[in-house]
Amino acid sequence: MAKKILLSGIQPSGKIHLGNYLGTLKNWVDMQSKHSCLYSVVDLHAITGNYDPKKYQEDIFNTVVNLLAIGINPKKSIIFVQSSVKEHTELCWLFNSITPIAELERMTQFKDKASKNKQNINVGLFNYPVLQAADILLYRAEVVPVGEDQLQHLELTNTILRKFNNKFGNTFNEIKPILSKGARIMSLADPASKMSKSLGSKHYIALSDSPEEIKKKIMSAVTDTSESKEMSAGVKNLFTLLELLADKKIYNKYLNEYNNKSLKYSELKSELADVIINLLKPIQEKREYWLQNRKKVNKIILNGNKKARLIAQKNIIDIKQKMGLL
Ligand code: AQP
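About the criteria used
- Residues numbered from 1 in each chain as written.
- Predicted model: local features only at pLDDT ≥ 70, side-chain atom pairs only at ≥ 80, totals over all residues.
- Heavy atoms only, no water.
- Helix = DSSP H or I, 4+ residues; strand = E, 2+ residues; numbered from the N terminus.
- Expected span 1.5 Å × (residues − 1).
- Buried < 20%, exposed > 50% of the residue type's maximum accessible area, 1.4 Å probe, protein only.
- Phe/Tyr/Trp six-rings, centres within 6.5 Å; stacked < 30°, edge-to-face > 60°.
- Lys NZ or Arg CZ within 6 Å of the ring centre and 35° of its normal.
- Contact = heavy atoms within 4.5 Å.
- Arc of directions from axis to C-beta.
- Near = heavy atom within 4 Å.
- Polar contact = N/O pair within 3.5 Å; in protein donor to acceptor, adjacent residues only side chain to side chain.
- Areas by Shrake-Rupley, 256 points an atom, 1.4 Å probe, with all protein chains shown as cover.
- Domains from an automatic or database assignment.
- Buried area = accessible area lost by both parts, 1.4 Å probe.
- Salt bridge = Lys/Arg side-chain N within 4 Å of Asp/Glu carboxyl O.
- 1 Å grid on protein atoms, 1.4 Å probe; cavity = no way out; pocket = protein on both sides within 12 Å on 5 of 7 lines; lining within 4 Å.
- Points joined across faces, edges and corners; volume = space filled by probe spheres on them.
- Nonpolar A, V, L, I, M, F, W, Y, C, P; charged D, E, K, R; others polar.
- Axes fitted to C-alpha atoms, helices over the stretch in contact; angles between N-to-C directions.
- Parallel < 35°, antiparallel > 145°, perpendicular 65-115°, else oblique.

K.L.:
Go over helix H13 (residues 294-322) with me, naming the residues and quoting the values.
P.N.:
Given a rise of 1.5 Å per residue, 29 residues ought to cover 42 Å, and the 42 Å separating the end C-alpha atoms of H13 matches this to within 8%. Where H13 is concerned, the buried positions are Val297, Ile300, Ile301, Gly304, Asn305, Ala308, Ala312, Asn315, Ile316, Ile319 and Lys320. A positive phi of about 80° marks glycine 324, the residue just after H13.

The structure is reproduced here in structure tokens:
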């Protein structure tokens, strides 16, 4: 049986945090043998937020370096930059013509991002999920690994493809979101919010953070904020990280201590910091390797762009024919 096509994207903010890694990117690595994978650096999405045009190319490059460092293998998967394939924006426009405004108005990520950045509520930010649908369906992808925050957008992709199929004939198969166990990692400093770069550096651990930075951030992570008997969101988050990264025995030991009220948070945090430092050490070494081999990275990007373009150019013809545009 032919392998299913998988597509997922990451914004080129230069840094990748533990939430991105455990929520999605680890899955990207694991799925390379099962599916035909396309991984996109979604530079057209990220310009809907605040970014620095002068260092944007470097951010895109660093994002690809990070993907290579975590284990995305360009011999197995296509790594490409979204804006190098013009058909993404073309298909976004085509989908605009069948996407109800009311559906976009429901999107919680738009409401959230708009409320946090009132000076820059642009049409692109509103339209973001339509471009995301185009990213996926341009390659006829059916499998989409994401974090929990993206589920609503993927439901909209299914709404758009159903509308397309009804109006223009059966073209796209329904897409299936794939969630990992770490689908929602919370901020270390404000565990009510998801771990996110835009909150500031004490809220997240970047894959490039030094052991000292990691220790400092974990040791000062918020734990109990109230006298509530329930496990607080901050402690739960530390346990989630430990469960995902440490041996089951170690996790159970701390959980038992928590349950019989003998747990010292400083010990839990110190253990967790060490586990994270060990996880990141080989990734950071590979990152150094790729940073010193810029030519190889650039070649990987050019090759990936070329392969993605070939698939996109073929698929858009079929879509435009169905819509009466060719
Ligand atoms: N906290 C998280 N827990 C689990 N998964 C997460 N993802 C993001 N945050 C978490 C998943 O990471 C993938 C890449 O997402 P992105 O490039 O859109 O990054 P983002 O969500 O924009 O990351 P930030 O740090 O939250 O960026 P800002 O603050 O700039 O908006 C996606 O699959 C996402 O679900």
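K.L.:
Talk me through the packing of aromatic side chains; I want residue IDs and the actual numbers.
P.N.:
Applying the stated criterion across every chain yields a total of 11 aromatic pairs. Here the aromatic rings of phenylalanine 95 and phenylalanine 172 are separated by 6.1 Å at their centres, their planes lie at 80°, and the arrangement is edge-to-face. Of this pair, phenylalanine 95 sits in helix H4 (residues 87-96) while phenylalanine 172 is found in the loop between helix H8 (151-168) and strand S5 (176-178), placing the two residues 77 residues apart along the sequence. Phenylalanine 172 shares its class with phenylalanine 95; the two are buried. In this structure, lysine 217 is placed above the aromatic ring of tyrosine 204, and the distance from its NZ or CZ to the ring centre is 4.9 Å. Above the ring of phenylalanine 61, the side-chain terminus of arginine 294 is found at 4.0 Å from the ring centroid.

K.L.:
So, the side chain of threonine 24: which residues are in play, and what are the values?
P.N.:
For threonine 24, the position within the fold is in helix H1 (residues 18-30). By relative accessible area, which is 13% here, threonine 24 ends up buried. Those residues in contact with threonine 24 that lie beyond four places of it in its chain are Ser8, Gly19, Pro145, Val146 and Gly147.

K.L.:
Describe H4, naming the residues involved and giving the relevant values.
P.N.:
Residues of H4 that are buried include every one of Glu87, His88, Leu91, Cys92, Leu94 and Phe95, and no others. Buried residues of H4, viewed axially, fall in a sector of 160°; they line one side. As for H4, its buried residues are in contact with strand S3 (78-81), helix H7 (123-137), H8 and H13.

K.L.:
Give me the site of the ligand: which residues, what numbers.
P.N.:
Inspection of the region around the ligand gives 21 residues, with Asp149, Ile185, Ser196, Lys197 and Ser198 positioned closest. Between the ligand and glutamine 11 there is a distance of 2.8 Å, counted from an oxygen atom to a backbone nitrogen or oxygen. In this structure, an oxygen atom belonging to the ligand sits 3.1 Å away from a side-chain N or O atom of asparagine 20. Alone, the ligand offers 650 Å² of accessible surface; in the complex the protein occludes 92% of this. If you tally residues by element for the shell around the ligand, the top one is H1, at 4 residues.

K.L.:
Account for the domain arrangement of the chain, naming residues and giving values.
P.N.:
If you check the domain split of the chain, you get domain 1 (5-182 + 294-322) and domain 2 (197-288). Using only C-alpha atoms to locate each centre, domain 1 and domain 2 end up separated by 30 Å. Facing the 14 residues of domain 1 at the interface are 15 residues of domain 2. Both sides of the domain 1 and domain 2 interface together cover about 1,500 Å² of buried area, and 71% of this is carbon and sulfur. Taken as a group, Lys15, Leu18 and Ala69 account for 36% of the area that domain 1 buries against domain 2, more than any other trio of residues on that side. At the surface where domain 1 touches domain 2, the tally comes to 1 salt bridge.

K.L.:
Provide a residue-level description of unusual backbone geometry, including the pertinent values.
P.N.:
The backbone phi angle of arginine 140 is positive, close to 55°, even though this residue is not glycine. Relative to the elements of secondary structure, arginine 140 occurs in the loop between H7 and strand S4 (143-145). Arginine 140 gets classed as partly exposed once you look at its relative accessible area, which sits at 27%. Non-glycine residue lysine 261 carries a positive phi angle of around 60°. With respect to the element layout, lysine 261 can be found in the loop between helix H11 (248-259) and helix H12 (265-291).

K.L.:
Let's hear about empty space enclosed by the protein: which residues, and what values?
P.N.:
Taken as a whole, this structure holds 1 cavity of 30 Å³ or more when the rule is applied. Contributing to the lining of the largest cavity are Met107, Gln109, Phe110, Lys113, Leu125, Tyr128, Pro129 and His153. Those elements that provide at least two residues to the lining of the largest cavity are helix H6 (108-116) and H7. Looking at the lining of the largest cavity, its residues break down into 5 nonpolar, 2 polar and 1 charged.

K.L.:
Please set out the pattern of salt bridges residue by residue, giving values where relevant.
P.N.:
Per the stated rule, a full pass over the model turns up 16 salt bridges. The salt bridge involving lysine 55 is made with aspartate 59; its shortest N-O contact spans 3.3 Å. One connected set of salt bridges, linked through shared partners, spans Arg140, Asp318 and Lys322.

K.L.:
Summarise the packing of helix H3 (residues 56-70) against H13; cite the residues concerned and give the values.
P.N.:
Close contact between H3 and H13 brings their axes to 11 Å; oriented N to C, the two are set at 90°. In terms of axis orientation, H3 runs roughly perpendicular to H13. Here Glu58, Phe61, Val64, Val65 and Leu68 of H3 lie close against H13, whose contacting residues are Arg294, Val297, Asn298, Ile300 and Ile301. Taken together, the residues of the contact of H3 with H13 break down into 7 nonpolar, 1 polar and 2 charged.

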